[in-house]
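Descriptive analysis of the structure
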Amino acid sequence: MSIWGCCKPAAGWTIHAAVTAKGLCRLSMATPTWRFLEELDETATGVPWTRDDNHPLIRETARQLEEYFRGERRRFEIPLDLRGTPFQLKVWKALRAIPYGETRSYADIARAVGRPTASRAVGGANGRNPVGIIVPCHRVIAASGGLGGFGCGLAYKKKLLAVEANRAE
């Protein structure tokens, strides 16, 4: 099973999601549909993808994202099918440990995964995170306090941090 769908969890946001039998495998915030489908084909060559906006896991992802944008959800409970290197998987696990409304530096994450000199590699893993928001790569900033990078663009990173800052207690 390889399903993709589209949801609009908040005003101005269109998010594409892809799921397998194991769980959510891709989430894209700032990508046109045609590019999202190209990305799916690049990461899972030869896998036929079917659009089903009403698939239970697509609907559940949409529901939890809607709750997140309303400030009602701080932690996602969606099964994931993450594929990456062992280092990337460690980084993505560390990102999920960053509390809602807080940030960490790339160096903080490097230390958390036992590679204190690997800040750049953390940035690379962050940039390859296939399920942004759910695995909150937007919460990672530069040690100087600057935003650092963000695959969808810094405007999206600012918006996500603002959503959490407005709701954090």
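Residues numbered from 1 in each chain as written. Predicted model: local features only at pLDDT ≥ 70, side-chain atom pairs only at ≥ 80, totals over all residues. Heavy atoms only, no water.

Some words on the sheet that holds strand β4 (residues 50-51)
With respect to topology, 4 strands assemble into an open sheet ordered β3-β2-β1-β4, the strand pairing being mixed. The sheet is open, and its two edges are formed by β3 (24-28) and β4, each paired on a single side. As defined by bridge partners, strand β1 (residues 2-7) adjoins strand β2 (residues 15-20) across 6 bridges and the pair is classed as antiparallel. Across the sheet, the residue bridging to Ser2 is Thr20, located in β2. (Pairing = 2+ DSSP bridges. Helix = DSSP H or I, 4+ residues; strand = E, 2+ residues; numbered from the N terminus.)

Notes on the confidence of the model for the protein chain
Residues at a pLDDT of 70 or more form 96% of the protein chain, whose mean pLDDT is 90. No element of the protein chain has a lower mean pLDDT than helix α6 (residues 154-167), at 82, and none a higher one than helix α3 (residues 86-96), at 97. (pLDDT = per-residue confidence, 0-100.)

A look at the packing of aromatic side chains
Within the structure shown, the criterion is met by 6 aromatic pairs. With 6.2 Å between their ring centres and 80 degrees between their planes, Tyr68 and Tyr100 make a pair best called edge-to-face. Linking Tyr68 in helix α2 (residues 56-69) with Tyr100 in the loop between α3 and β5 (104-105), this pair joins segments that are 32 residues apart in sequence. For Tyr68, a relative accessible area of 0% gives the class buried. The class for Tyr100 is buried, based on a relative accessible area of 9%. Cluster of aromatic residues (ring-pair linked, three or more members): Trp13, Tyr68, Phe69, Phe76, Tyr100 and Tyr156. Note that Lys159 overlies the ring of Tyr156, its terminal NZ or CZ placed 5.5 Å from the centroid. (Phe/Tyr/Trp six-rings, centres within 6.5 Å; stacked < 30°, edge-to-face > 60°. Buried < 20%, exposed > 50% of the residue type's maximum accessible area, 1.4 Å probe, protein only. Lys NZ or Arg CZ within 6 Å of the ring centre and 35° of its normal.)

Quick word on the packing of α3 against helix α5 (residues 119-127)
Running from amino to carboxyl end, α3 crosses α5 at an angle of 80 degrees, the nearest separation of the two axes being 9 Å. On the basis of their axis angle, the class for α3 and α5 is roughly perpendicular. In contact with Phe87, Gln88, Val91, Trp92 and Leu95 of α3, α5 contributes Ala121, Val122, Ala125 and Asn126. Of the residues belonging to the contact of α3 with α5, the class tally is 7 nonpolar, 2 polar and no charged. (Axes fitted to C-alpha atoms, helices over the stretch in contact; angles between N-to-C directions. Parallel < 35°, antiparallel > 145°, perpendicular 65-115°, else oblique. Contact = heavy atoms within 4.5 Å. Nonpolar A, V, L, I, M, F, W, Y, C, P; charged D, E, K, R; others polar.)

Focus: the pattern of salt bridges
Tallying each qualifying case throughout the model produces 13 salt bridges. Between Glu67 and Arg73 there is a salt bridge whose closest N-O contact spans 2.8 Å. Of the residues examined, Arg73 reaches a relative accessible area of 12% and is grouped as buried. Asp81 is the salt-bridge partner of Arg83, the closest N and O atoms lying 2.7 Å from each other. (Salt bridge = Lys/Arg side-chain N within 4 Å of Asp/Glu carboxyl O.)

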